[in-house]
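Chain and residue survey
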Amino acid sequence: MHLPHIPPYKTKVVEPVYFRTRAERTAKIEEVHYNLFNLHSDWVIVDMMTDSGTGAMSEQQWAEIMLGDESYAGSESYFKLIRSVQHIMGFEFVAPTHQGRAAENILFSAVVKEGDLIPGNAHFDTTKGHIEFRKATAIDCTILEAFDTTIIHPFKGNIDLDKLERVIKEHGREKIPFINITVTCNTVGGQPVSLKNIQETIALAKTYDIPVYMDIARYAENAYFIKTREAAYADWTIQEIVTAMFKDVAVVWMSAKKDGLVNIGGFIALNDAALYEKLSQFTIIYEGFITYGGMSGRAMGALSEGLKEAIELDYLHDRIEQVHYLGAQLKKYGIPIQEPIGGHALYIDARKMLPYVPLDQYPAQVLGVEAYIEGGVRGVEIGTLLADRDPITGLDRIPELELLRLAVPRRVYSLQHMDYVAVTLAKIMERRDNIRTGFNIKKQAAILRHFTVELSKI
Ligand SMILES: Cc1ncc(COP(=O)(O)O)c(C=O)c1O
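In short, a report on the structure. Only a predicted model underlies this, so the values are computations on that prediction, with no experimental measurement involved.

**Here we look at the packing of helix α6 (residues 161–171) against helix α7 (residues 195–207)**
- At a closest axis distance of 11 Å, the pairing of α6 and α7 adopts a crossing angle of 20°. The angle between α6 and α7 falls in the class roughly parallel. Crossing angle aside, the handedness with which α6 passes α7 is right-handed. On the side of α6, the interface is formed by L161, L164 and E165, while α7 contributes N197, E200, T201 and L204.
- A class-by-class count of the residues in the contact of α6 with α7 yields three nonpolar, two polar and two charged.

Below, the structure is given as structure tokens:
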């Protein structure tokens, strides 16, 4: 008999959860115009809106909060962060930023110009936004398997090398300042990239003399998938895999709110002194002095520790097991999810789960609202509301997938919470024949409408 798996931590501080009745939740969601972003968090029972900045810190990280050196320049907490990044990632220069998109702002200010192309895999929406803001274009070269939720492929985040080479040949390397690899791919379901694919992408880029940059928000989870899904690396340590992932990568940037295990923070890391100097100018304009760049000393200290904890095998095993446990429960109830299950979230295919809701009535938002009413579970729509309108026609862009994402915060919830979430969805599944209408838009902003949109029930 095997001892069952248990988390490699225990609880020291607790945060209350408030229970409201179904009738109270039904009235509340109508009051906030069916927009889940408008809910106060104390009206939510299990909050799965995002895994970004929502994790629980360890006692060592809280100790770093107390030890935080808040000196404007040259704080000890900054040097702790530098040492962690140098040791784990092998980059000499580190530019702290307040979060991931600030790193994108600084980096792209230095290297992206109008007319440029940035090929890569499933660019995150802020990445794409910062590229398009500079009148450049992100070209998605993710393998096609990523866009079919039923295809089983261990590395759905992989780059299609033929497509990448066609893009380079067609447009010329002069237009391409860098190739962008995202690990893991948030936008296609937390899907990882294999080490083989990373190495082949770097080799291809080298033949055209193009540098490779990496968006490493969830790099530790990606390394875990390499260890567990890519046979050649089964015996490697996570640190060895991380070292191999970053070998020959010119620049990495990180939203530390994910695998940095902190509530706020980010950074850019690189070995090129000249580029670091250029970045420093933008850090000073946009973020703050180069030794804090938008982070407090205590936040840098907590991040220096979080980076070490996030590559511990026990932690990663527990993290991925929890996400997969929820996936298995959902499957048990016949709920259609993106497979294989990725690193940080479950993605429910709303078109399949609610087949009677017309496509132009926002089925994934309908599912999100139903999950809130049924059990106080808050997810987020990754569908037509998020895809927004075509800037030329003003009509809704219909994305390939209409998903409700249930993201799992790190070290926050128990398996009991996962059971609760699965039963909430199962109860919606039971009554899905009666869910036949969705929403009209009452009010929407010019861009990024999903955050503030107001909806009415049809
Ligand atoms: C892959 C990826 N890159 C960049 C970002 C942007 O980071 P932030 O939210 O810290 O600005 C995110 C955030 O979710 C992300 O998932």
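**Some details on the pattern of salt bridges**
- Taken as a whole and judged by the stated rule, the model has 28 salt bridges.
- In this structure, E374 and R22 form a salt bridge, with 3.0 Å as the shortest nitrogen-oxygen distance. Of this pair, E374 sits in helix α14 (residues 363–375) while R22 sits in helix α1 (residues 22–31); the two residues are 352 residues apart in sequence, bridging distant segments of the chain.
- With relative accessibility at 38%, the residue R22 sits in the partly exposed group.
- The salt bridge partner of D51 is R319, with a shortest N-O separation of 3.8 Å.

**Some remarks on the site of the ligand**
- Around the ligand, 13 residues are found, and the nearest of them are Q99, R101, D215, S255 and K258.
- D215 is positioned such that a nitrogen or oxygen atom in its side chain is 2.7 Å from a nitrogen atom of the ligand.
- For the ligand, an oxygen atom lies 2.6 Å from a polar atom in the side chain of S255.
- At three residues, helix α4 (residues 100–111) tops the list of elements feeding residues into the shell around the ligand.
- A breakdown of the residues in the shell around the ligand according to their chemical character gives one nonpolar, six polar and six charged.

Calculation criteria
Residues numbered from 1 in each chain as written. Predicted model: local features only at pLDDT ≥ 70, side-chain atom pairs only at ≥ 80, totals over all residues. Heavy atoms only, no water. Axes fitted to C-alpha atoms, helices over the stretch in contact; angles between N-to-C directions. Helix = DSSP H or I, 4+ residues; strand = E, 2+ residues; numbered from the N terminus. Parallel < 35°, antiparallel > 145°, perpendicular 65-115°, else oblique. Left-handed = near helix turned anticlockwise from the far one by under 90°. Contact = heavy atoms within 4.5 Å. Nonpolar A, V, L, I, M, F, W, Y, C, P; charged D, E, K, R; others polar. Salt bridge = Lys/Arg side-chain N within 4 Å of Asp/Glu carboxyl O. Buried < 20%, exposed > 50% of the residue type's maximum accessible area, 1.4 Å probe, protein only. Near = heavy atom within 4 Å. Polar contact = N/O pair within 3.5 Å; in protein donor to acceptor, adjacent residues only side chain to side chain.

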